[in-house]
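Tertiary structure, described
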Amino acid sequence: MHLTSRADSSLSLVSSSQVIWAETKTQWAYNELQEAQYLFQSLIRYRQHKTRSRSCEFVIFLKLRTNFAEAMALRSISRRFGSRVLSYRSSSVASLHSHATSFGFQQVKEEEKRKLVGNVFSNVASSYDIMNDVMSGGLHRLWKERLVGKLSPFAGMKHLDVAGGTGDVAFRIFDAVNSVKRRALRKVDEDSLEETQIYVCDINPNMLNVGKQRAAERGLGDNKSLVWVEGDAEALSFDDNSMDGYTIAFGIRNVTHIEKALAEAYRVLKRGGRFLCLELSHVDIPVFKDVYDLYSFKVIPNLGELIAGDRESYQYLVESIRRFPPQEKFATMIADAGFEKVEYENLVGGVVAIHSAIKL
């Protein structure tokens, strides 16, 4: 929840510089409280862990104490300016739509999230794949290969890749279908290959433009098997029971209503169709989790600023991961959408997870 830059009438007695300082410190303290709450939950999980480490508990306790102490800046603001800043913030909260949603650690109106997420991906579109390489050390390529391997693409299939604007997953599916070895094993004819259609659906036109450019560079600019579609994961334009497969990689945590996106995935898949989701997830391994959190919050935003010139978008990235449901909870949401045989596989200790399911 951002405090607006203009001063409310209740702050009229405070100088503009004091107002800016107060708003900045209030937002900063709010973020610290959010992280402190997350750390507190982590501490509880460690205490419940059968093989908990006292040293790990102590590290998390120190981090929690630091965050809580920093969050006390909110109290100092309240004492200095009375209740004016806090009441101003409360009025901002009250002005939110009754159905607020998260944008990273912030709460925003549902109708605003789509625009905010759109801005993030418009800003990072040109450097998206480079940043994926840098942040993951190139591992994202192996994760996507694993995703496509679980899909088992076949000639003549109708496949939908959602939030796949740059084409990274779609190109892998296309290559798998057209693999000489795969074709020889399955005795695929050219007619079946021509019937293959891989729809790349993304809500952001800038991401789609990057994908189309990459397709042209691969000599696939006019290939009829690749179809680029601007569309919303929560309201797909495809017919019921029309797809053999559905993939979404690093995209579902950005939608406003995950349940709607899952319901749409179920709707467009044929009976026997396969759902696969690759997403950044939650690490529960002691010590490694602390290292991962440190890397996420301290390193990734700095890399975003250095390479993409955009710190804020990558700050949102690491915050959105923490707000995404844990693996078991997400698996339950997939099952609730109607899917059967729901499974997930953790990679790199849960840094990412691949959830899979079938529509029966």
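Residue positions are counted from 1 within each chain, in the order its sequence is given. Residues qualify for local features only when their pLDDT is at least 70, as the model is predicted, and side-chain atom pairs are given and counted only at 80 or more; totals for whole chains, interfaces and linings, by contrast, use all residues. For side-chain calculations, the full set of non-hydrogen atoms in the structure is used, while hydrogens and water are omitted.

For the rest of this paragraph, the subject is the overall build of the chain. Runs of H or I in DSSP of at least four residues are treated as helices and runs of E of at least two as strands, each being numbered from the N terminus. Of the regular secondary structure elements, the chain holds 15 helices and nine strands. When a residue's accessible area, from a 1.4 Å probe over protein chains only, is under 20% of the maximum for its type it is buried; when over 50% it is exposed; and in between it is partly exposed. A total of 360 residues make up the chain; the buried ones form 49% of that total. We call two residues in contact when some of their heavy atoms are within 4.5 Å. Residue pairs in contact within the chain that sit at least 24 positions apart in sequence constitute 75% of those at least 6 positions apart. Carbon together with sulfur atoms contributes 53% to the accessible area of the chain, which is approximately 17700 Å² in total. What sets the accessible areas is the Shrake-Rupley method with a 1.4 Å probe; for residues, cover comes only from the shown protein chains.

With that out of the way, let us pick up a nonpolar patch on the surface. Note on patches: the residues involved have over 30% relative accessible area and no salt bridge, like charges join within 9 Å, and the nonpolar side chains Val, Leu, Ile, Met, Phe, Trp and Tyr join within 5 Å. Just to be clear on terms, a salt bridge is a Lys or Arg side-chain nitrogen sitting within 4 Å of an Asp or Glu carboxyl oxygen. Together, Leu-139, Leu-142, Ile-285, Val-287, Phe-288, Val-291 and Val-348 give the surface a local cluster of nonpolar side chains, amounting to about 570 Å² of exposed area. For the nonpolar patch, the secondary structure elements donating two or more residues are helix H7 (139-151) and helix H13 (288-308). By the secondary structure assignment, Leu-142 is in helix H7. You can call Leu-142 exposed: its relative accessible area is 56%.

Residues are said to line a cavity or pocket when one of their atoms sits within 4 Å of a point; the points come from a 1 Å grid over protein atoms alone, cavities being sets where a 1.4 Å probe fits but cannot get out and pockets being open sets with protein on both sides within 12 Å along at least five of seven lines. Grid points are joined across faces, edges and corners, and a volume is the space filled by probe spheres set on the points. Scanning the entire structure with this criterion turns up two cavities of 30 Å³ or more. Approximately 100 Å³ is the volume found for the largest cavity. In terms of lining, the largest cavity is formed by 13 residues, of which the most central are Tyr-128, Ala-163, Gly-164, Thr-166 and Ala-249. Where the lining of the largest cavity is concerned, the elements lending two or more residues are helix H6 (128-136), strand E3 (158-162) and helix H8 (168-177).

The subject of this paragraph is unusual backbone geometry. Most peptide bonds take the trans form, and the phi angle of most residues other than glycine is negative. In this structure, Ala-163 is a non-glycine residue whose phi angle is positive, near 60 degrees. With respect to the helices and strands, Ala-163 occurs in the loop between E3 and H8. Taking the relative accessible area as the measure of exposure, Ala-163 reaches 29% and is therefore partly exposed. In this structure, Val-348 takes a positive phi of about 50 degrees despite not being glycine. With respect to the helices and strands, the residue Val-348 is situated in the loop between strand E8 (340-347) and strand E9 (352-358). Overall, the relative accessible area of 39% leaves Val-348 in the partly exposed class.

Another point: the pattern of salt bridges. It is possible for side chains of opposite charge to pair when their charged atoms get near one another. Within the structure shown, the criterion is met by 15 salt bridges. Between Arg-214 and Asp-168 there is a salt bridge, with the nearest N and O atoms lying 3.1 Å from each other. Of this pair, Arg-214 sits in helix H11 (residues 205-217) while Asp-168 sits in helix H8, placing them 46 residues apart in sequence. An identical accessibility class is assigned to Arg-214 and Asp-168; each is buried.

What follows is about the nonpolar core. Within this scheme, the nonpolar core is defined by two criteria: the residues are buried Ala, Val, Leu, Ile, Met, Phe, Trp, Tyr or Cys, and they are joined through side-chain atoms within 4.5 Å. Among the nonpolar cores identified, the biggest contains 45 residues, and Leu-226, Phe-250, Leu-278 and Val-352 are the most heavily contacted of them. Of the residues forming this core, the biggest block, seven residues, is contributed by H8. Residues in contact with Val-352, not counting those within four places in the same chain, are Trp-143, Phe-250, Leu-278, Glu-279, Leu-280, Ser-281, Glu-345, Asn-346 and Leu-347. The next biggest cluster of nonpolar side chains, apart from the first, holds 28 residues, and it includes Leu-160, Tyr-199, Ala-265 and Phe-324.

Turning our attention to the environment of Thr-247. Locating Thr-247 in the fold gives a position in strand E6 (residues 243-249). Thr-247 sits 96 residues away from Leu-151 along the chain, and the two C-alpha atoms are 8.4 Å apart. Setting aside its immediate chain neighbours within four residues, Thr-247 contacts Leu-147, Leu-151, His-159, Leu-160, Asp-161, Val-162, Val-169, Ile-173 and Leu-276. A polar contact is formed between the side chain of Thr-247 and the side chain of Asp-161, at a distance of 2.8 Å. Here a polar contact is recorded for every N or O atom pair within 3.5 Å, except that within protein the pair must consist of a potential hydrogen donor and a potential acceptor, and residues adjacent in sequence are included only if both atoms are side-chain atoms.

Right, let's talk about the environment of Trp-228 for a bit. Within the secondary structure layout, Trp-228 lies in strand E5 (residues 226-230). The spacing of Trp-228 and Cys-201 is 27 residues in sequence and 6.2 Å in space, taken between C-alpha atoms. Contact partners of Trp-228, with chain neighbours within four places excluded, come to Gly-165, Gly-167, Phe-171, Val-200, Leu-208, Gly-211, Lys-212 and Ala-215.

Before going further, it helps to examine the packing of H6 against H7. Axis definition: a line fitted to C-alpha atoms, limited for helices to the stretch in contact. Angles are taken between N-to-C directions and run from 0 to 180 degrees. Here H6 crosses H7 at 100 degrees, and the two axes come no closer than 7 Å. Considered as vectors, H6 and H7 are oriented roughly perpendicular to each other. Along the contact surface, H6 presents Asp-129, Asn-132, Asp-133 and Ser-136, while H7 presents Leu-139, His-140, Arg-141, Trp-143 and Lys-144. Oblique is the label for any angle not covered by the other classes, which are roughly parallel (under 35 degrees), roughly antiparallel (over 145) and roughly perpendicular (65 to 115).

Attention now moves to the pairing of E5. Strands are labelled as partners when DSSP assigns at least two bridges between them. With five bridges connecting them, strand E4 (residues 197-202) and E5 associate as parallel partners. When the sheet's bridge partners are listed, Cys-201 is paired in E5 with Val-229. On the question of chirality, the crossover connecting E4 to the parallel E5 by way of H11 is right-handed. We call a crossover right-handed when, viewed with both strands directed away from the observer, the connection leading from the first strand over the helix to the second proceeds clockwise.

From the geometry alone we can't say anything about function, so treat these as descriptive.
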